[in-house]
Amino acid sequence: MKAMILKEQGGVENFVLVSIPTPEIKADEVLIKTKAISINPADTIVRTNKNVSRILGDDRPVILGWDISGEIVAVGNQVQNFKIGDEVLALSDTHTQENLC
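First, a word on what this report is: a plain description of the structure on this page. Values in this document were obtained by computation on a predicted structure and should not be read as measured data.

### Digging into the overall build of the protein chain
- A tally of regular secondary structure across the protein chain gives 2 helices and 5 strands.
- Traced from its N-terminal end to its C-terminal end, the protein chain shows the element sequence β-β-β-α-α-β-β.
- A buried classification covers 33% of the 101 residues belonging to the protein chain.
- Of the contacts made within the protein chain by residues no fewer than 6 positions apart, 62% connect residues no fewer than 24 positions apart.
- Split by element, the accessible area of the protein chain, about 6700 Å² in all, is 52% carbon and sulfur.

### A short note on the sheet that holds strand β4 (residues 67-75)
- Read from one edge of the open sheet, 3 strands run β3-β4-β5, paired in antiparallel fashion. Both edges of this open sheet fall to β3 (30-38) and β5 (87-91), since each of them pairs with a single strand only. Across the sheet, the axes of successive neighbouring strands diverge by a mean angle of 40°, strand direction being ignored.
- As paired strands, β4 and β5 are joined by 5 bridges and run antiparallel to one another. By the bridge assignment, E71 is partnered in β5 with E87.

### Comments concerning the environment of P21
- The topology assignment puts P21 in the loop between β2 (15-19) and β3.
- Taking C-alpha positions, P21 is 8.6 Å from K2, a pair spaced 19 residues apart along the chain.

### As for helix α1 (residues 41-48)
- For α1, every residue scored as buried is listed here: D43, V46 and R47. Angular distribution of buried residues about the axis of α1 spans 100°; they occupy a single face of the element.

### What to know about the side chain of D86
- Here D86 lies in the loop between β4 and β5.
- Within polar-contact distance, the side chain of D86 engages the side chain of K83 at 2.8 Å.
- Filtering out sequence-adjacent residues up to four positions away, D86 remains in contact with G70, E71, I72 and N81.

What counts, and where the lines are drawn
- Residues numbered from 1 in each chain as written.
- Predicted model: local features only at pLDDT ≥ 70, side-chain atom pairs only at ≥ 80, totals over all residues.
- Heavy atoms only, no water.
- Helix = DSSP H or I, 4+ residues; strand = E, 2+ residues; numbered from the N terminus.
- Buried < 20%, exposed > 50% of the residue type's maximum accessible area, 1.4 Å probe, protein only.
- Contact = heavy atoms within 4.5 Å.
- Areas by Shrake-Rupley, 256 points an atom, 1.4 Å probe, with all protein chains shown as cover.
- Pairing = 2+ DSSP bridges.
- Axes fitted to C-alpha atoms, helices over the stretch in contact; angles between N-to-C directions.
- Arc of directions from axis to C-beta.
- Polar contact = N/O pair within 3.5 Å; in protein donor to acceptor, adjacent residues only side chain to side chain.

Everything listed here is a matter of geometry and, on its own, says nothing about what the molecule does.
Set out below in structure tokens:
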């Protein structure tokens, strides 16, 4: 899958388009094929703030885009209220390459 990652804080020139492995979901998670994201003021603060580790920890690279919409393509075996094919809106609380939704 493709992702725009932010390797270091600063301007938009620090974004890089990369291929990353599709994440494996946990039993209580869903995997969303993202159709759209929004970049909001919180993303701008994260992108430009040199003290971002207080917000996100030290994991890098960072993938911005807290608000997402898309279609569920996989569900963990403990998920009860969603199924493959559901269209969803979500607020992601994880932004590292390892935890991309």
